[in-house]
Structures are given as C-alpha cells and as structure tokens.
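# Summary of structural features
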Amino acid sequence: MTDSAIALSTAPTQPEEAVSTAVREGLAAQPKRLPPWLFYDEAGSRLFEQITELPEYYLTRTERGLLTAHAGEMMARASGGQRLRLVELGAGSADKTRLLLAAAVKLQGSVLYEPLDVSSSALAEAKARIEREIPGVRVAPRVMDYAQGLDGLEPDASGERRLVLYIGSSIGNFEPHQAEQLLQRLHAGLEPGDGLLLGVDLTKNEATLLAAYNDAAGVTAAFNRNVLIRLNRELDANFDPEAFAHRAVWNGAESRIEMHLESRVAQRVRLAALDLEVDFAAGETIHTENSYKYAPGAPQAMLAEAGFTPVGTWTDARGWFAVCLGKAE
Ligand code: AVI
C-alpha cells in the first residue's frame with residue numbers, strides 16, 4: 001500500500017484468531033458491523049492504492065500538495081536546530097513520506113528513517129526503494145503495531161530528536177476517544193523536544209465528502225465488498241458480494257462518513273469455519289467503516305489534549321485538509 005498509516009494498524013498482525021473473533025462479534029452485534037482493518041488484505045490494499053488516485057478522493061492529493069509545498073518548513077520547525085530522525089506509523093511503502101525525507105536530507109545531510117508497519121513485505125520494499133531513490137536516507141524498518149504506543153522502539157541514544165509521522169488521515173478511522181488515547185500513548189513514548197506530524201481530513205461540504213467515498217468508477221464499492229470476498233476465503237463463507245450494495249453516508253451529528261454494506265435481499269450466509277449462519281433482512285446493513293472529519297482547530301486541540309504543544313498547522317487554500325505539528329514537552 002502506498003498510502004501511509006492505514007487503519008489496518010488497529011489490528012495487530014491480523015492472525016486468523018483476530019479475524020474470527022472480530023467477525024463472530026461483529027455479525028452478532030445489532031446493527032451488524034465489521035472492523036475496517038479487515039479491508040486491508042492484499043487485494044484491499046491494492047484497491048486502496050487505486051482509491052488514492054481517484055479524482056473524487058481529494059485526501060491524498062491535498063495532503064501531498066501540503067507536503068510538497070511545506071516539507072522544508074515542517075522539518076525545520078520540528079528540528080528546532082537539532083538533528084531529527086523520522087519514525088512513521090503504519091508506513092506501508094511510504095509514498096508521500098519521500099517528500100519529508102528529502103526535506104530532512106536537505107536540512108541535515110542525512111536522516112535515519114524508522115517506518116513501523118505490520119507488513120514486513122511492505123517495509124522491505126519501502127527500504128529498498130527509498131534507499132535507492134533518496135541518497136542520504138538510512139531505513140531501519142520495524143515490524144510492529146503502533147496502536148499500543150511506541151514501546152517496541154529502542155531508546156534513542158543518538159541525541160537526535162524523533163519526529164513521528166502519522167499522515168494519511170488514518171487517525172480519522174479511529175473513534176475520537178480511541179484517537180485521543182493513541183495520541184496519548186505516542187506522547188508517553190516520546191522525549192521532550194520530540195514531535196508528531198499529524199495529517200487530518202477536515203469537515204467540508206457534504207457533496208464533496210460523499211463523492212470521495214462513492215466514486216463514479218466504483219472502486220470504493222469494490223474496496224468495501226472486498227471484505228466479504230476475504231471472509232469467503234478465510235472463513236469459508238458463502239457471501240455473494242453482489243447481493244450487498246455499497247453505501248456511503250454522511251453522519252453530520254457524528255461528523256463522519258460511514259460505509260455500510262446493505263443486503264439487497266433477505267438472505268442467509270454460512271461461515272463454515274466459524275460454524276455460523278447469519279440471517280440478513282432485505283435492507284439490513286453491515287457497518288464497515290467510520291471516517292471522522294474534524295472541524296478546523298480540532299486537530300490542534302486533540303494534540304494539546306494528549307500533551308503536545310501545537311507549533312504549526314498547514315492547510316490548503318480550500319481548508320480541506322490539515323497537517324499539524326505538535327511538540328512533546
Ligand atoms: C485509510 N483511510 C484514511 C481511508 C479514509 O478515507 O478513511 C480509508 C478509506 N475508506 C474508503 N476510502 C478510503
């Protein structure tokens with residue numbers, strides 16, 4: 001996956017048991033639900049990559065624009081005159097990060113980059129590509145789940161400041177209280193002077209939001225339905241993916257886009273590996289994802305609540321996306 005910090009990181013290493021437990025619980029719940037990390041099997045990660053290139057999916061393009069324009073300033077402000085090392089959460093193959101790495105190399109000649117991800121293959125690819133393409137970057141990948149914090153990272157004896165990158169707006173796939181907890185855990189793993197660079201999607205007009213999650217080419221629909229294909233394969237289920245419609249709705253009260261799969265007909269689905277049968281009424285939905293959109297100013301407040309001092313915010317001219325820098329004190 002080229003986009004960083006994907007919501008899959010909320011699922012440790014996705015062992016079979018985690019899948020079984022999440023599916024059993026989610027399909028027994030009322031209303032039915034499945035966790036968004038289930039999207040990111042190999043096919044789902046590929047579909048997500050395609051989503052990031054869709055004309056309607058403004059997020060990746062807008063954030064990339066901000067990094068292109070301001071990476072130098074972001075690095076300078078994070079460094080405060082000291083050497084930086086960059087840690088990226090859920091790095092995947094670290095596409096947009098290259099802009100930040102190049103800026104760090106320009107600022108200080110070389111940089112250590114520690115991408116964290118649950119996928120060792122994505123990390124290995126990222127290491128080979130980045131070391132080949134950006135001279136001056138040394139990549140030290142770590143296979144780990146950052147959702148519990150930065151405990152797996154070795155203490156930094158180099159005297160360099162750590163700048164944690166959490167870009168891509170994956171913070172939006174957490175419930176707000178979980179997002180806050182995650183930021184607090186990150187803060188607890190950092191030293192004074194270290195920083196966090198956070199990419200956050202902001203509230204905007206409903207039509208733009210809906211289009212981004214309901215694209216004309218149907219890629220997001222395929223991404224949503226892919227979770228059923230995954231359950232067919234991994235849990236020996238017999239979902240007919242086409243018997244479920246993709247629904248993306250704006251929930252203004254909660255400030256989030258919701259994705260659902262809506263059963264087109266009354267049907268019974270068998271998941272043989274769980275020895276489970278699940279009935280769906282016509283029109284019944286499985287809630288598969290929330291993507292929270294934050295009001296202007298809210299990301300900085302969230303950083304402050306977790307103990308960071310907000311020291312920089314970069315937004316595009318339309319005010320659609322924010323990249324915020326917080327410093328640990
Ligand atoms: C990974 N995450 C930030 C995406 C989002 O926009 O919430 C996942 C996604 N879901 C549908 N399209 C993209």
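Up top you'll find the structure we're talking about.
Source: prediction; values computed, not measured.

Reading the values: the criteria
- Residues numbered from 1 in each chain as written.
- Predicted model: local features only at pLDDT ≥ 70, side-chain atom pairs only at ≥ 80, totals over all residues.
- Heavy atoms only, no water.
- Helix = DSSP H or I, 4+ residues; strand = E, 2+ residues; numbered from the N terminus.
- Buried < 20%, exposed > 50% of the residue type's maximum accessible area, 1.4 Å probe, protein only.
- Lys, Arg positive; Asp, Glu negative; His and termini not counted.
- Salt bridge = Lys/Arg side-chain N within 4 Å of Asp/Glu carboxyl O.
- Contact = heavy atoms within 4.5 Å.
- Pairing = 2+ DSSP bridges.
- Near = heavy atom within 4 Å.
- Areas by Shrake-Rupley, 256 points an atom, 1.4 Å probe, with all protein chains shown as cover.
- Phe/Tyr/Trp six-rings, centres within 6.5 Å; stacked < 30°, edge-to-face > 60°.
- Lys NZ or Arg CZ within 6 Å of the ring centre and 35° of its normal.
- Axes fitted to C-alpha atoms, helices over the stretch in contact; angles between N-to-C directions.
- Parallel < 35°, antiparallel > 145°, perpendicular 65-115°, else oblique.
- Left-handed = near helix turned anticlockwise from the far one by under 90°.
- Nonpolar A, V, L, I, M, F, W, Y, C, P; charged D, E, K, R; others polar.
- Expected span 1.5 Å × (residues − 1).

The subject of this paragraph is the side chain of Asp-316. Note on placement: Asp-316 falls in the loop between strand 13 (308–315) and strand 14 (321–328). An unpaired buried charge is present at Asp-316: no salt bridge exists, and Arg-318, the closest side chain of opposite charge, is 4.4 Å distant. The contact partners of Asp-316, leaving out residues within four places of it in the chain, are Thr-62, Leu-66 and Phe-321.

Looking now at the sheet that holds strand 1 (residues 32–33). What links the strands of a sheet is backbone hydrogen bonding, and the strands pair in either a parallel or an antiparallel sense. Taken in spatial order, the 4 strands make up an open sheet running 1-12-9-8, and their pairing is mixed. Because the sheet does not close on itself, it has two edges, and the strands there are strand 1 and strand 8 (244–251). Pairing of strand 8 with strand 9 (residues 256–263) involves 8 bridges; the strand directions are antiparallel. Of the residues in strand 9, the one forming a bridge with His-246 is Leu-261.

Right, let's get into the site of the ligand. For the ligand, the set of nearby residues contains 14 residues, the closest of which are Tyr-57, Asn-173, Tyr-213, Glu-289 and Ser-291. For the ligand, the protein covers 100% of the area, taking 340 Å² as the surface of the free molecule. Of all the secondary-structure elements, those providing two or more residues to the shell around the ligand are helix 2 (42–52) and strand 12 (285–292).

Along the chain, the position of Leu-34 falls in the loop between strand 1 and helix 2. Along the primary structure Leu-34 and Val-227 are separated by 193 residues, whereas in three dimensions their C-alpha atoms are 8.7 Å apart. Non-local contacts of Leu-34, meaning those with residues more than four positions away in its chain, are made with Val-23, Leu-27, Val-227, Leu-231, Ile-286, His-287 and Thr-288.

Quick look at the packing of aromatic side chains now. For any pair of aromatic rings, the description rests on two quantities: the centre-to-centre distance and the angle between the ring planes. This model, assessed by the stated rule, comprises 12 aromatic pairs. Their ring planes at 35° and their centres at 4.4 Å tell us that Phe-39 and Phe-223 sit as a pair that is tilted. One end of the pair, Phe-39, is in the loop between strand 1 and helix 2; the other, Phe-223, is in helix 8 (residues 219–234), and 184 residues separate them in sequence. Judged by centre distance (6.2 Å) and plane angle (40°), the ring pair of Phe-48 and Phe-223 falls under tilted. Taken together, the residues span a long stretch of sequence, with Phe-48 in helix 2 and Phe-223 in helix 8 at a distance of 175 residues. Phe-48 gets classed as buried once you look at its relative accessible area, which sits at 7%. Classification of Phe-223 as buried rests on a relative accessible area of 3%. Through a chain of ring-to-ring contacts, three or more aromatic side chains come together here, namely Phe-39, Tyr-40, Phe-48, Tyr-57, Tyr-213 and Phe-223. The ring of Trp-320 is capped by Arg-318, whose NZ or CZ atom sits 3.6 Å from the centre of that ring.

This part is about the packing of helix 2 against helix 8. Where helix 2 meets helix 8, the closest approach of the two axes is 9 Å, and the angle between their N-to-C directions is 160°. Comparing their axes, helix 8 and helix 2 come out roughly antiparallel. Relative to helix 8, helix 2 is oriented so that their crossing is left-handed. Seen from helix 2, the contacting residues are Ala-43, Gly-44, Leu-47, Phe-48, Gln-50 and Ile-51; seen from helix 8, they are Val-219, Thr-220, Ala-222, Phe-223 and Asn-226. When its residues are assigned to classes, the contact of helix 2 with helix 8 shows 7 nonpolar, 4 polar and no charged.

Before going further, it helps to spend a moment on the pairing of strand 12. With 7 of 8 residues buried, strand 12 is to be regarded as a mostly interior element. Here strand 9 runs beside strand 12; their pairing, made up of 7 bridges, is antiparallel. Within strand 12, the position partnered with Ile-257 by the bridge is Ser-291.

Let's shift gears to helix 4 (residues 97–108). Here helix 4 contains 12 residues, and its C-alpha end-to-end distance of 17 Å stays within 8% of the 16 Å for a straight helix at 1.5 Å per residue. Positive phi appears at Gly-109, one or two residues downstream of helix 4, with a value of about 90°.

Another point: the pattern of salt bridges. Summed over the entire model, instances satisfying the criterion amount to 22 salt bridges. Arg-162 is paired through a salt bridge with Glu-114; the nearest N and O atoms lie 3.4 Å apart. You can see Arg-162 sitting in strand 6 (residues 161–166) and its partner Glu-114 sitting in strand 3 (residues 111–117), a full 48 residues away along the chain. We classify Arg-162 as buried; its relative accessible area is 7%. Here Arg-268 ties to Asp-279 by a salt bridge, and the two come within 2.7 Å at their closest N and O atoms. Here Arg-268, found in strand 10 (residues 267–271), pairs with Asp-279, found in strand 11 (residues 276–280); they are 11 residues apart in sequence, far enough to count as distant. Connected through salt bridges with shared partners, the residues Arg-83, Arg-85, Glu-114, Arg-142, Glu-160 and Arg-162 form a single ionic network.

End to end, helix 1 (residues 16–28) covers 18 Å across 13 residues, agreeing with the expected 18 Å (1.5 Å per residue, within 8%). Structurally, helix 1 contributes buried residues whose contacts are with strand 1, helix 8, strand 10, strand 11 and strand 12.

It is worth spelling out unusual backbone geometry at this point. The peptide bond linking Gln-30 to Pro-31 adopts the cis configuration, its omega dihedral lying at -5°. Considering the arrangement of structural elements, one finds Pro-31 in the loop between helix 1 and strand 1. Positive phi is not limited to glycine here, since Asp-275 has a value of about 50°. If you trace the backbone, Asp-275 turns up in the loop between strand 10 and strand 11.

Geometric descriptors of this kind do not, in isolation, establish any biological role.
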